Amino acid sequence: MASPTSHPSVPRNPGMPLNLSWFDRIAVNTPAAQNRAAQLTTRRSLKKEWQAAWLVNAIRCIDLTTLAGDDTEARVARLCAKAKRPLADHILDGLGLDHVQTGAVCVYPTMVRAAVRALDGTGIPVASVATGFPAGLMPMNLRLAEILYAVEEGAAEIDIVITRAHVLEGNWQALYDEIAAMREACGDAHLKAILATGELGSLRNVYKASMVAMQAGADFIKTSTGKEGVNATLPVSLTMVRALREYGARTGYKIGFKPAGGLKTAKDALAWQILMREEMGTEWLQPHLFRIGASSLLGDIERQLEHHVTGRYASSSRHALA
Amino acid sequence: MPTVKEILETMDYGPAPESASEVTAWLQARGRFGHFIDGSFTEAGETFVSENPATGEALAQITQGTTKDIEVAVKAARKAAPKWAGLSGHERAKYLYAIARHLQKRARFLAVLETLDNGKPIRESRDIDIPLAIRHFYHHAGWAELVAEEFPNHAPHGVCGQIIPWNFPLLMLAWKVAPALAAGNTVVLKPAEFTSLTALAFAEICAEIGLPNGVVNIVTGDGATGAALVDAEVDKIAFTGSTEVGRIIRRATAGTGKALTLELGGKSPFIVFPDADLDAAVEGVVDAIWFNQGQVCCAGSRILVSEAVAQEFTARLTARLGKLRVGDPLDKCTDMGAIVHPTQLARIRDLVAQGEAAGATLIQPETQLPAKGSFFAPGLLTGAEPANPASVEEIFGPVATLTTFRTPSEAVQLANTTRYGLSASIWSENVTLAMDIAAQVKAGVVWINCTNQFDAAAGFGGMRESGFGREGGREGMLAYLKVPEPKRKPETKATDFTARPSPETPSAAAIDRTPKLYIGGKQTRPDSGQSYTIAVKGRELGLAPLGSRKDIRNAVEAAHKASGWGKQTGHNRAQVLYYIAENLAVRAEEFAARLKEAGHDPKEAEATVRRAFHYAAWADKFDGAVKSTQSAKITVAMNEPWGVMGIACPDAAPLLGFASLVLPAIAMGNRVVAVPAQSMPLLATDLYQVFDTSDLPSGVVNIVSGPRDELAKTLAQHDDVAAMWYCGSAEGRAMVEAESAGNLKASWVMENRDWAAAQGREFLSRATQIKTIWVPYGE
């Protein structure tokens, strides 16, 4: 299955040999990053039709996700139904749109088959977490086997987790080798490298891990599993986006970005899109280069869009459950 | 309006206008504005139009204040002053608190009004100007409460005349009015003629909270109104504006006894080292020069970037430039609004054209500027060498120059090669380097890895021709308080500087002594080759060298060479001062005898030993402070020496007067060119032998004897002398203040006084200037 993360005009990042000189002396000033992150949303504002359009765009970029211990095939089918039809018909009509669907559905490997079945014919890709998600502390052969399994089951995108220890120990070669091997195991499936930034200790480490992941061939870099104490934040995202911009400037390859965990409100969805537009440009507002990993976010967006359409504040009890 | 479907194609931001309806309704209801005097608005007089610079449309009719208006306002302030000063601090605090509260309740109204009147983006007035103004009143409500406790033996000046600029209208009003009121002064404030409206709204708030009549008076008008205020019967002038006007005000107030603080122009360096977070530094430039359309006195307008990263940095900065949105200031997506007035726009265009003509390249994004209104696209002048006029003149617009440097010391050299000294921004992840540069730049405010940070608790103000005095914090309060006048003592009679032999006053000395000038640690003959007779009651005590302009020049050069003195530890300077005391004590009897012979109090010798001990004690104790500003930002106020000071000593108390002025100056790390008591310089010339034996480094104290006012004039006019103290006649005091206008050196003039008690903190704070350093931290 062709993945929408691939795009005719965007050749896939082939990776490159590890090159420490691109990042080993990188300076990331945390207060300055926080200051910039805080200003992003005070310098830009979206109102009325524009706000509605940007919220719809956020839906197009959502990897609608369930990653819970109690997931069942029926639960996954329900999620897929929401992914196919994320907005109630009257909202869609009110917005003057024919069709909207999420960027992907993201599940555990054993749920991939159920998701693929539920999404048959929609073009919505199934993303699978793999490599011992969320901690990743499993033997390498098992992690690679998990990728092969998920691909075999029909996953078009694989969200891998990195070994945080490699970052904390500054073992960039090990990190590179690990991700490169995973990329190879993915084959045609696209690789999103989850850096688990909440556990990396500093923005400098976030930048370095981002650069190593891209050099190892990641198609996307992703902030978090959603299971760390701190997940996607704007300063972390800013740092990663600057890294992928730099990688693009040096290699010509466009890398996607996926914030995950912690984006819960429509306001968050706007903030991250403003970040992408300001730091990168409008191309990075499209699902082949931008995804939002989220579960509850869609509900809030749907409520805001209903308010936009009806002028009345909405109740989630009137919207289909994901 | 495009459909959602269409917007999904473009992903544009769309308009996000802030509503101006409340404000326009207020402006229409108010009609023509008079002044706010003695608690109510006067009838409008002859008026001029205040325009919205973004559209060119008229906003309001404002009254042009006359000399008579100023007189009436000053009279009202004078009448209100005793009662206001007599209120308890707590009572004044309640009024300031109420002002802060009411500003907060009217925040949105004021933000919109400010943006309409000034052209700045609503984001800035909403997120920066108005919140900082509110914070200033809260902070100073606190100072009002504490003033008696924290500033014992201080009193308000009385009536303060305050003149503010158009770039931050309400914020500058807050910076002026809040400390003045907290300290117990009453004020007459003149807003800038382009931007009077928030001041007039503020007047309504003063009325709204029931501020006693006459405590705050606002007279609108142009520069002529400001000049009338400077000339009026006020006790202090506080001015923020151009260096050019600051100089005029310095001359106009010279000799009047009016206290003066000036916050003037700047051409502040923005220094990027190769180990900086370059993306952060790029955003820093956005906040530095593309903030408030670059109309910021402390704007980082001279970007100095290491050659190692210059290309990369310029590329990123150019890319960032293209993302700035210029347009409707009321739109919440606007980064840059309108230039305040067409005249300012013309000035910016002119200076940028001059910069290009001198060889710089202008980089500007392809921006569609609005068809009407005063707009200028943000820009960057690369290849602007230090000699380029665009690198020298304050453009006061959204254009920075960019120059490269090779080494940190070259960066400092470039940074300090300017007549200004307001602020500096330093970008490096190496804290050792950043602090080293912070210590070396000549700037009143230094921002490390940040820029344009302000807080009511932190001092703000400049060095050199950026002015003197600080606003904010404890140092800002001191600018609105005075210490009681010391007991005055009459000046001694005039001295005869005749250089010809005077057989009518025969010498009494056994072996002839030859006092000389003391310059750079050497005893030197005066350039004139002449001496004058020092005589007491018809008897010659000796001949003193007759110093002149060239000796002053040489002495200042020698003082500059002794720059190591300011870098020594306080402890080391204390050691030298103690040693001076020790050696003086050994010769105390000789000095006492000399004083007696000269007709002065012999007890001066013993008192001078004590004074040396006093300032030795202080040398390592006049500490700076860490300010309570914002979270995760260390804000340090450091007391720095001026550098080279001129000191004209009283004619009375030839030993103690000299020591009382010179010792605190050198204790703080200054180097001094001193003119000793003109009628009796021999005590000072004897003293240099003590200096020589006390390990005082050469050039720290230089002594040029001769006609005081003539030598003081040369010192006051000297552009390489940073501060000037003068004790002497009324004409001399006026002369020193007026001549100090040349390089806007801080001057302290005083009448002769009882020198026995002349010591302590006041001398030390006069011997230093505060540098505020901001260091954000966080991993």
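Residues numbered from 1 in each chain as written. Chains lettered and ligands numbered in written order. Predicted model: local features only at pLDDT ≥ 70, side-chain atom pairs only at ≥ 80, totals over all residues. Heavy atoms only, no water.

### Description of the packing of aromatic side chains
All names here are of chain B.
At step 1: Evaluation of the coordinates by the stated rule reveals 27 aromatic pairs over all chains.
At step 2: The interplanar angle of 55° and the centroid separation of 5.3 Å between the aromatic rings of Phe36 and Phe41 together place this pair among those described as tilted.
At step 3: With a relative accessible area of 3%, Phe36 lands in the buried category.
At step 4: Here Phe41 falls in the partly exposed class, since its relative accessible area comes to 25%.
At step 5: Seen in terms of ring centroids, Phe497 and Tyr532 are 4.8 Å apart; in terms of plane orientation they differ by 55°. Their pairing is tilted. With Phe497 in the loop between β20 (481-482) and β21 (517-519) and Tyr532 in strand β23 (residues 531-536), this residue pair connects regions lying 35 residues apart in the sequence.
At step 6: Ring-pair connections join several aromatic residues into one group, and the members of that group are Trp175, Trp447, Phe454 and Phe460.
At step 7: Above the face of the Phe151 ring, Arg474 is positioned so that its terminal group lies 5.3 Å from the ring centre.
At step 8: The aromatic ring of Trp755 is capped on one face by Arg753, whose charged end is 5.7 Å from the ring centroid. (Phe/Tyr/Trp six-rings, centres within 6.5 Å; stacked < 30°, edge-to-face > 60°. Buried < 20%, exposed > 50% of the residue type's maximum accessible area, 1.4 Å probe, protein only. Helix = DSSP H or I, 4+ residues; strand = E, 2+ residues; numbered from the N terminus. Lys NZ or Arg CZ within 6 Å of the ring centre and 35° of its normal.)

### What about the interface of chain B and chain A?
At step 1: In this complex, chain B contributes 39 residues to the contact, which on the side of chain A involves 44 residues.
At step 2: Here chain B and chain A share an interface that buries about 3,600 Å² over both sides, 52% of which is from carbon and sulfur atoms.
At step 3: At the boundary of chain B with chain A, the tally comes to 9 salt bridges.
At step 4: For B:Arg316, the salt bridge goes to A:Glu246, with nearest N and O atoms at 3.2 Å.
At step 5: There are 20 residue pairs in polar contact (both at pLDDT 80 or more) connecting chain B and chain A.
At step 6: Put simply, the parts of the chain that give the side of chain B that touches chain A at least two residues each are α1 (4-10), α6 (122-150), α11 (278-288) and α12 (310-321) of chain B. (Contact = heavy atoms within 4.5 Å. Buried area = accessible area lost by both parts, 1.4 Å probe. Salt bridge = Lys/Arg side-chain N within 4 Å of Asp/Glu carboxyl O. Polar contact = N/O pair within 3.5 Å; in protein donor to acceptor, adjacent residues only side chain to side chain.)

### What about the sheet that holds strand β2 (residues 104-107) of chain A?
All names here are of chain A.
At step 1: Here 8 strands make up an open sheet; going across it, the order is β7-β6-β5-β4-β3-β2-β1-β8 and the pairing parallel. Looking at which strands have only one partner, the edges of the open sheet turn out to be β7 (256-258) and β8 (292-294). Adjacent strand axes in the sheet meet at a mean angle of 25° when their direction is disregarded.
At step 2: Here strand β1 (residues 62-65) pairs with β2 via 3 bridges, running parallel. Looking across to β2, one finds that Leu64 is bridged to Val105. (Pairing = 2+ DSSP bridges. Axes fitted to C-alpha atoms, helices over the stretch in contact; angles between N-to-C directions.)

### Looking at the UniProt feature "active site" (unreviewed entry) in chain B
All names here are of chain B.
At step 1: Cross-referencing UniProt, the feature "active site" (unreviewed entry) maps to Glu263 in the present numbering.
At step 2: Within the fold, Glu263 resides in strand β11 (residues 259-263).
At step 3: Residue classification places Glu263 among the buried positions, given a relative accessible area of 3%.
At step 4: When neighbours within four sequence positions are excluded, Glu263 is seen to be in contact with Phe239, Thr240, Gly241, Cys297, Leu422, Phe460, Gly461, Ser466 and Glu471. (UniProt positions renumbered as here; feature names shortened; annotations may be inferred.)

### Some remarks on a nonpolar patch on the surface
At step 1: A surface patch of nonpolar side chains, about 320 Å² in accessible area, is lined by B:Val626, B:Ile634 and B:Tyr777.
At step 2: In this fold, B:Tyr777 is placed in the segment after β32 (768-776). (Patch = residues over 30% accessible without salt bridge, like charges linked within 9 Å, V, L, I, M, F, W, Y side chains within 5 Å. Areas by Shrake-Rupley, 256 points an atom, 1.4 Å probe, with all protein chains shown as cover.)

### Let's talk about the domain arrangement of chain B
Residues and elements named next belong to chain B.
At step 1: When its domains are assigned, chain B resolves into domain 1 (35-48 + 59-264 + 478-482), domain 2 (269-461) and domain 3 (517-631 + 641-769).
At step 2: The centre of domain 1, based on its C-alpha atoms, is set 38 Å off from the matching centre of domain 3.
At step 3: On the domain 3 side, the residues contacting the 12 residues of domain 1 number 9 residues.
At step 4: Of the roughly 780 Å² buried at the junction of domain 1 and domain 3 (both faces included), carbon and sulfur atoms supply 58%.
At step 5: The three residues of domain 1 that bury the most area against domain 3 are Arg247, Arg250 and Arg251, which together make up 54% of that side's buried surface.
At step 6: At the boundary of domain 1 with domain 3, the tally comes to 1 salt bridge. (Domains from an automatic or database assignment.)

### A closer look at the UniProt feature "domain: Aldehyde dehydrogenase" (unreviewed entry) in chain B
Residue and element names in this part refer to chain B.
At step 1: The positions that UniProt labels "domain: Aldehyde dehydrogenase" (unreviewed entry) are, in the present scheme, residues 45-483 and 537-746.
At step 2: Taken end to end, residues 45-483 is 44% helix and 17% strand, and its two terminal C-alpha atoms sit 40 Å from one another.
At step 3: Helix makes up 49% of residues 537-746 and strand 18%, and the two end C-alpha atoms of the span are 38 Å apart.

### Observations regarding the sheet that holds strand β5 (residues 58-63) of chain B
Within a beta sheet, neighbouring strands are joined by backbone hydrogen bonds and run either parallel or antiparallel to one another.
Residue and element names in this part refer to chain B.
At step 1: Spatially, the 3 strands line up as an open sheet ordered β1-β5-β4, and their pairing is mixed. Bordering the open sheet on either side are β1 (32-33) and β4 (47-51), each of which pairs with just one other strand.
At step 2: With 2 bridges joining them, β1 and β5 adopt parallel strand pairing. Looking at the pairing, Phe33 lines up with Ile62 of β5.

### Things to note about unusual backbone geometry
At step 1: For the bond from A:Phe133 to A:Pro134, the omega torsion is 0°, close enough to zero to count as cis.
At step 2: As for its position among the elements, A:Pro134 is in the loop between β3 (126-130) and α6 (140-153).
At step 3: Despite not being glycine, B:Asp38 shows a phi value in the positive range, around 55°.
At step 4: Mapped onto the elements, B:Asp38 comes out in the loop between β2 (36-37) and β3 (40-41).
At step 5: At B:Asn452, a residue that is not glycine, the phi angle is positive and equals roughly 45°.
At step 6: Tracing the chain through its elements places B:Asn452 in the loop between β18 (445-448) and β19 (467-468).
At step 7: In this structure B:Asn452 comes out as buried when scored by relative accessible area, which is 10%.

### Thoughts on the pairing of strand β15 (residues 379-382) of chain B
Residue and element names in this part refer to chain B.
At step 1: Side-chain alternation along β15 places Gly379 and Leu381 on one buried face and Leu380 and Thr382 on a second face that is also buried.
At step 2: Pairing analysis gives 3 bridges linking strand β14 (residues 361-363) to β15, with the strands arranged antiparallel. Pairing of Thr361 across the sheet is with Thr382, part of β15.
At step 3: Examined bridge by bridge, β15 and strand β16 (residues 399-405) share 4 bridges and lie parallel to one another. Pairing of Leu380 across the sheet is with Ala400, part of β16.

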